[in-house]
Each structure stands twice: as structure tokens, then as C-alpha cells.
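# Fold and geometry: a report
For reference, the chains in residue letters:
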Amino acid sequence: MSKLKLGVIVGLGDNAEEALKKVHDLALPTCQLACWQPMHYTRENIRKVRMLSDRYRVGISSIWAGYPGPAVWNFIEGPSTIGLVPRKWRKLRVQALKQGADFAAALGVPTISTHCGFIPENPKDPVYGEVLAALKDVVAHCRRKKIAFTFETGQETPVVLLRCIEDLGYDMLGINFDPANLILYGKANPVDALDVIGKYVMGVHAKDGFYPTNGRELGKEAALGDGKVNFPVFIPKLKKLGYRGALTIEREISGPQQIKDIDKAKRLLGPLL
Ligand code: MG
């Protein structure tokens with residue numbers, strides 16, 4: 001069985017050189033490129049990212065496409081701010097996601113990934129239908145560009161994501177599976193969640209963390225190996241399901257400690273690949 005590749009998520013921002021060089025300096029072969037500001041989807045960045053990914057020999061597995069407006073990562077403000085759920089931001093965000101797909105297509109990157117928000121658990125909730133309609137619009141655009149659209153796990157239970165995929169009925173849909181997020185949001189045990197959405201996994205974040213301990217705040221993210229994700233069980237199960245994509249390390253801090261934690265993640269994941 002072929003080995004999985006490691007990667008890291010890096011932000012595009014206004015310094016493409018810094019982002020791609022960071023992947024290279026970490027001696028990782030792949031990355032997901034995150035971009036929250038559609039203003040960074042420029043021709044100049046397409047040119048630069050192409051040139052830099054060649055220079056540093058870094059493959060880009062996905063464009064992690066963010067969107068304008070507020071996103072508050074907790075249980076109180078989150079449902080009314082994140083993703084395609086808030087009506088106020090929906091149109092702009094659909095546009096931003098389409099721009100993300102255009103950017104990916106121009107770079108020859110096969111997928112985009114995003115957080116769609118706290119999609120209602122109740123399929124009869126009118127917001128569910130609204131989010132689905134917005135997603136249909138985004139996904140139809142992705143399809144025209146031959147780009148797969150992937151839901152990053154987090155705000156939804158696995159079964160909600162499964163239902164969305166079924167209801168959208170397109171072939172180029174998948175999951176950017178962040179095992180830590182399922183824990184931080186208290187939505188599922190990631191190993192078991194693979195029973196529900198495992199066959200749709202197209203990307204994976206190698207991140208770790210703890211369950212919430214109050215009803216307002218997410219659980220705490222942690223260095224890989226320190227949290228509740230059982231990687232020695234999770235990764236073989238992923239491989240058994242046929243997953244052959246990248247394991248993209250994500251550590252939500254910056255500075256020297258982040259680099260130390262990424263190195264530790266590489267050491268722990270290496271024997272599991
Ligand atoms: Mg993630």
C-alpha cells in the first residue's frame with residue numbers, strides 16, 4: 001500500500017513567498033493554501049504561487065477558501081456568523097467561494113475546502129434549504145471549473161454533512177476531514193465519524209484537541225499527540241477506507257512553538273503513513 005503524504009496548512013495573505021517557503025523549510029511535500037480575503041485571488045498571486053510551488057517543489061492539495069464578514073469560533077456567536085448560514089453574508093460568501101474555485105482552477109489545484117457553518121440538524125428548518133440552495137450555486141460553479149468542493153468538518157454533525165452531500169447530488173463533493181474539529185465542537189468521535197462520512201474524505205487535517213467543557217466555548221486545540229484524537233487508530237482506518245490523499249498538519253498557533261509542534265506531529269505521524 002502506498003504511503004500517505006504529509007503537508008501543512010499555510011495562509012496565502014499578501015506574502016506567497018513566505019507561505020510556500022514555510023512548507024519547504026518544514027521539509028513537507030504538500031500544503032493546503034488558506035485564503036480568507038478574495039482580494040488575494042489575483043493574477044499576480046496565480047503567477048507567484050505557480051512559480052513558488054515549482055521552485056520549492058511543494059504540491060498544493062486544496063485551496064482553503066475563506067470568506068468576508070465576521071466568523072466567531074464559539075457556540076454563541078458561531079451559528080449566526082460562520083459560513084453560508086447567516087443570510088446577511090450569504091451572497092458575498094457564495095461569490096468568494098466561487099472566486100476560490102477560479103483561483104484553484106487557475107493553479108491546477110483539484111479542490112477547495114471551507115467551513116459552511118452550523119447547518120441546521122433539522123432538514124425541515126427553512127435555513128437548511130437556503131444553505132443547500134447557496135451550496136448548489138457554489139458547487140455548480142466548481143463543477144464547471146472541474147474543481148471538487150469539500151466540507152471542512154467542524155460545526156456540523158457527520159450525518160448533517162452526509163445529508164448535504166446526498167441532497168446536493170453532485171459527484172465532485174467530499175469532506176476535508178478535521179478530526180480535531182469534531183472533538184472541539186463536540187460533534188463526534190472522529191474515528192467513529194469515518195463510519196458515517198469516511199467514503200467521502202478527500203482531504204484530512206492532522207490536528208488535535210479536547211472536547212468542550214462548557215456550553216459556550218469550543219474545546220481547546222492542542223499539539224498533535226497531546227489531545228483526544230487517536231491517530232494510531234484513525235489513520236489505519238482512513239487508509240483501509242481507501243484514502244490516498246495528504247495529511248495536512250494544522251496547528252492554530254504561530255511562532256517558534258508552532259514549528260516545534262509541527263515537527264512533533266511529523267515524528268508521530270511518520271510511522272503511521
Ligand atoms: Mg482544520
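Structural notes, computed from the coordinates. Numbering of residues starts from 1 in each chain and follows the order in which that chain's sequence is written. Under the rules for a predicted model, residues below a pLDDT of 70 receive no local features and side-chain atom pairs below 80 are neither given nor counted, while totals for whole chains, interfaces and linings still include all residues. As a rule here, side-chain values come from all non-hydrogen atoms in the structure, and water together with hydrogens is ignored.

### Thoughts on the sheet that holds strand β3 (residues 59-65)
Paired through backbone hydrogen bonds, the strands of a sheet run either parallel or antiparallel to each other. At least two DSSP bridges between two strands are needed for those strands to be called paired. What counts as a helix is a DSSP run of H or I of at least four residues, what counts as a strand is a run of E of at least two, and both are numbered from the N terminus. Spatially, the eight strands close up into a barrel ordered β1-β2-β3-β4-β5-β6-β7-β10, and their pairing is parallel. Going from strand to strand, the sheet's axes swing by 30 degrees on average, the running direction of each strand aside. Contacts from helix α6 (residues 158-168) reach β5 (148-152) and β6 (173-177) within the one sheet, and its direction differs from that of β6 by about 160 degrees. In this description, a line fitted to the C-alpha atoms serves as the axis of each element, helices being fitted only across the stretch in contact, and the angle between N-to-C directions of two axes falls anywhere from 0 to 180 degrees. Contact definition: two residues touch when any of their heavy atoms are within 4.5 Å.

### Observations regarding the state of the cysteines
Count a disulfide wherever a pair of cysteine sulfur atoms falls within 2.5 Å. The final tally for this structure, using the stated rule, is zero disulfides. Not engaged in a disulfide, the cysteine C35 finds its nearest cysteine sulfur in C31; these two sulfurs lie 13 Å apart. Relative accessible area serves as the criterion here: at 2%, C35 is assigned to the buried category. No disulfide involves C164; its sulfur sits 7.3 Å from the nearest other cysteine sulfur, which is in C116. Partly exposed residues are those whose accessible area sits between 20% and 50% of the maximum for their type, while under 20% is buried and over 50% is exposed, using a 1.4 Å probe and protein chains only.

### Details of the environment of G154
When you line up the elements, G154 lands in the loop between β5 and α6. The buried category is assigned to G154, whose relative accessible area is 0%. Residues G154 and N181, spaced 27 residues apart in sequence, show a C-alpha to C-alpha distance of 4.7 Å. When residues no more than four places from it in sequence are discounted, the contact partners of G154 are H115, N181, Y185 and K187.

### Let's talk about the pattern of salt bridges
Salt bridges are counted wherever a side-chain nitrogen of Lys or Arg sits within 4 Å of a carboxyl oxygen of Asp or Glu. Tallying each qualifying case throughout the model produces 16 salt bridges. A salt bridge links E130 to R87, with the nearest nitrogen and oxygen atoms 2.8 Å apart. Residue E130 is located in helix α5 (residues 126-144), and its partner R87 is located in helix α4 (residues 87-107); the two are separated by 43 residues in the primary sequence. For E130, a relative accessible area of 23% corresponds to the partly exposed category. Here R87 falls in the exposed class, since its relative accessible area comes to 55%. We note a salt bridge from R251 to D261, for which the minimum N-O separation is 2.8 Å. With R251 in the loop between β10 (246-249) and α10 (256-269) and D261 in helix α10, the pair connects residues that are 10 residues apart, well separated along the chain. Like D261, R251 is buried. Within this structure, D178, K207, E250 and E252 form a network of salt bridges that share partners.

### Concerning the side chain of Q155
Within the secondary structure layout, Q155 lies in the loop between β5 and α6. Polar contacts involving the side chain of Q155 include one to the side chain of H115, which spans 3.2 Å. When sequence neighbours within four positions are dropped, the list of residues in contact with Q155 reads W73, I82, H115, C116, G117, F118, Y185 and K187. Two N or O atoms form a polar contact when they lie within 3.5 Å of each other; inside protein one atom must be a possible hydrogen donor and the other a possible acceptor, and for residues adjacent in sequence the pair counts only when both atoms belong to side chains.

### Focus on the packing of helix α1 (residues 16-25) against helix α2 (residues 43-55)
Contact geometry of α1 with α2 gives a least axis separation of 10 Å together with a crossing angle of 25 degrees. As far as their axial angle goes, α2 and α1 are roughly parallel. At the point where α1 passes α2, the crossing takes the right-handed sense. Here α1 contributes A16, E17 and L20 to the contact with α2, which in turn contributes N45, K48, V49, L52, S53 and R55. All amino acids are sorted into three groups, where Ala, Val, Leu, Ile, Met, Phe, Trp, Tyr, Cys and Pro are nonpolar, Asp, Glu, Lys and Arg are charged, and the leftover types, Gly among them, are polar. Here the contact of α1 with α2 is composed, by residue class, of four nonpolar, two polar and three charged. Angles below 35 degrees are treated as roughly parallel, those above 145 as roughly antiparallel, those between 65 and 115 as roughly perpendicular, and all remaining angles as oblique. Crossings are assigned a handedness: left-handed for a near helix turned anticlockwise from the far helix by less than a right angle, right-handed for a clockwise turn.

The analysis is restricted to geometry; functional conclusions fall outside its scope.
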